[in-house]
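Residues per chain, in single letters:
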Amino acid sequence: MLSRKQLQRYSRQIMLPQIGEAGQEKLGAARVLVIGLGGLGSPAALYLAAAGIGELHLVDGDKVEVSNLQRQVLYKTNHREKDKAQVAAQQLTAANPEIRIYAHCRMADEGWLTELLSQQSFDLVLDCTDNLKIRHSINRACRAQRVPVIMASVRGFSGQLVSFDFRLQSSPCYACLFPPTATQSDLPEVDNCSTVGVIGPALGVMGSTQALEAIKILVGLPVSSLNKLQLFEAGSLEWRALTLSGSSTCPVCG
Ligand SMILES: [Zn+2]
């Protein structure tokens, strides 16, 4: 049962027939893990906090740098050199003090992630990282623990987004789409924002879309990025979708 305060705060989405009071209660009962609080995680976490997701866990081991401020909209100039997860938690608490927010100031390595997902029951993981090695770790950990995941990335003017519902045994996974190569485990990410550049608002589009898909998954609405690679071109404002099927030779789920 929603309180009067909740009915007031969330009134604009509760009045939508797709959400309603039942949908709002589902959002309030949900526990979501957001990995990476950069250009994608900033808008994604802000929208999820504002929408009243009951419990948010924020994972990031970095500190705020001045070069982040062009696109990582959770942070202000006076946050330089502070822990991103900590500052993000403060900012989200200011946006919505009615929800529980936990900061994890560390990188999400596979062992830690697997332990966290096995000890606490999460409804959803958002992969907002900028690193292929971590993305493959998130894919394996979420599949092993049967937690749905929404992954996004942006290079330059091009965005990608895909979701997998690992509660279903038959779900394909990220490694079906992009098999991990031997070198990924040894080499640092070479093709990321610090080396190829990125246009800030494209991260806003993709991060906001992650939050949108998250709300749909949690409320039980159809999810257009499920097993579909959604590609966004910020130059032409065009979206394309590629339907994925599982690979029988996938090293993770085949
Ligand atoms: Zn797979």
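Residues numbered from 1 in each chain as written. Predicted model: local features only at pLDDT ≥ 70, side-chain atom pairs only at ≥ 80, totals over all residues. Heavy atoms only, no water.

K.L.:
I'm lost on the overall build of the protein chain in this one. Help?
P.N.:
From N to C terminus, the protein chain includes 10 helices and 8 strands. Projected onto the principal axes, the alpha-carbon positions of the protein chain cover approximately 55 × 45 × 40 Å. A total of 254 residues make up the protein chain; the buried ones form 50% of that total. Here the protein chain carries 24 positive and 22 negative side-chain charges, and the mean point of each set is 5 Å from the other. (Helix = DSSP H or I, 4+ residues; strand = E, 2+ residues; numbered from the N terminus. Buried < 20%, exposed > 50% of the residue type's maximum accessible area, 1.4 Å probe, protein only. Lys, Arg positive; Asp, Glu negative; His and termini not counted. Charge placed at Lys NZ, Arg CZ, Asp CG, Glu CD.)

K.L.:
Help me out: how do you make sense of the pairing of strand β5 (residues 149-155) in this one?
P.N.:
Looking along a regular strand, one sees the side chains alternate between the two faces of the sheet. Taken across its 7 residues, β5 has 6 buried, putting it largely inside the fold. Sheet analysis places strand β4 (residues 124-127) next to β5, joined by 3 bridges and oriented parallel. Residue pairing across strands places Asp 127 opposite Met 151, the latter belonging to β5. As defined by bridge partners, β5 adjoins strand β6 (residues 158-164) across 7 bridges and the pair is classed as antiparallel. Across the sheet, the residue bridging to Ile 150 is Ser 163, located in β6. What sits between β5 and β6 in their antiparallel hairpin is a turn of 2 residues, with Gly 156 showing a positive phi close to 60 degrees. (Pairing = 2+ DSSP bridges.)

K.L.:
Would you mind going over the state of the cysteines with me for this structure?
P.N.:
Where two cysteines share a covalent bond between their sulfur atoms, that bond is called a disulfide. One pass over the structure, following the stated rule, counts 0 disulfides. Unpaired in this structure, Cys 105 has its nearest cysteine sulfur neighbour in Cys 128, at a distance of 16 Å. (Disulfide = S-S within 2.5 Å.)

K.L.:
Help me understand the sheet that holds β5 in this model?
P.N.:
Sheet strands pair via backbone hydrogen bonds, and the direction of the pair is either parallel or antiparallel. Spatial strand order, β3-β2-β1-β4-β5-β6-β7-β8: 8 strands in an open sheet with mixed pairing. What marks the edges here is a single partner per strand, and that holds for β3 (100-104) and β8 (238-243). Here the strands of the sheet are splayed against their neighbours by 15 degrees on average, with no regard to which way each runs. Contacts from helix α6 (residues 110-119) reach β1 (31-35), β2 (55-59), β3 and β4, with the element oriented near 170 degrees to β1. (Axes fitted to C-alpha atoms, helices over the stretch in contact; angles between N-to-C directions. Contact = heavy atoms within 4.5 Å.)

K.L.:
It is not clear to me how the coordination of the zinc ion should be interpreted in this structure. Could you clarify?
P.N.:
In an ideal octahedron of six donors the angles at the metal are 90 or 180 degrees, and in an ideal tetrahedron of four donors they are 109.5 degrees. Taken together, the protein ligands of the zinc ion are Cys 173 (SG), Cys 176 (SG), Cys 250 (SG) and Cys 253 (SG), with distances of 2.3 Å. In terms of primary sequence, the donors binding the zinc ion are separated according to C-x2-C-x73-C-x2-C. Placement of the pair is Cys 176 in helix α8 (residues 174-177) and Cys 250 in the segment after β8, with a sequence separation of 74 residues. Of the two residues, Cys 176 and Cys 250, both sit in the buried class. (Donors = N, O, S within 2.8 Å, 3.2 Å for Na, K, Ca; no water.)

K.L.:
What is the right way to read the packing of aromatic side chains from this model?
P.N.:
Describing an aromatic ring pair means giving the distance of the ring centres and the angle of the ring planes. Per the stated rule, a full pass over the model turns up 3 aromatic pairs. Aromatic side chains Phe 164 and Phe 166 sit 5.8 Å apart centroid to centroid with 15 degrees between the ring planes, which places their arrangement in the stacked category. Judged by centre distance (4.9 Å) and plane angle (40 degrees), the ring pair of Phe 232 and Trp 239 falls under tilted. Under the relative-accessibility criterion, Trp 239 is labelled partly exposed at 39%. Over the ring of Phe 122 we find Arg 31, and its NZ or CZ is 5.0 Å from the ring centre. Residue placement shows Arg 135 over the ring face of Tyr 174; its charged tip is 5.9 Å from the ring centre. (Phe/Tyr/Trp six-rings, centres within 6.5 Å; stacked < 30°, edge-to-face > 60°. Lys NZ or Arg CZ within 6 Å of the ring centre and 35° of its normal.)

K.L.:
What am I meant to see in the pairing of β6 here?
P.N.:
In terms of burial, β6 is a largely internal element, 5 of the 7 residues being buried. By the bridge criterion, 4 bridges tie β6 to strand β7 (residues 228-233) in an arrangement that is antiparallel. Counted as the bridge partner of Ser 158 is Glu 233 from β7.

K.L.:
Quick question: what am I supposed to make of unusual backbone geometry here?
P.N.:
Working note: non-glycine residues mostly have negative phi, and peptide bonds are mostly trans. In this model, Asn 227 sits at a positive phi of 55 degrees, which is unusual for a non-glycine residue. As for its position among the elements, Asn 227 is in the loop between α10 (200-219) and β7. Overall, Asn 227 belongs to the partly exposed group, its relative accessible area being 23%. With phi around 60 degrees, Leu 237 is a residue other than glycine that occupies positive phi space. If you trace the backbone, Leu 237 turns up in the loop between β7 and β8. Residue class for Leu 237 comes out exposed when judged on its relative accessible area of 64%.

K.L.:
Help me understand the side chain of Ser 42, please; the structure alone is not making it clear to me.
P.N.:
Along the chain, the position of Ser 42 falls in helix α4 (residues 41-51). Those residues in contact with Ser 42, other than ones at most four positions away along the chain, are Leu 37, Gln 72, Val 73, Leu 74 and Tyr 75.

Read these as geometric descriptors, not functional statements.
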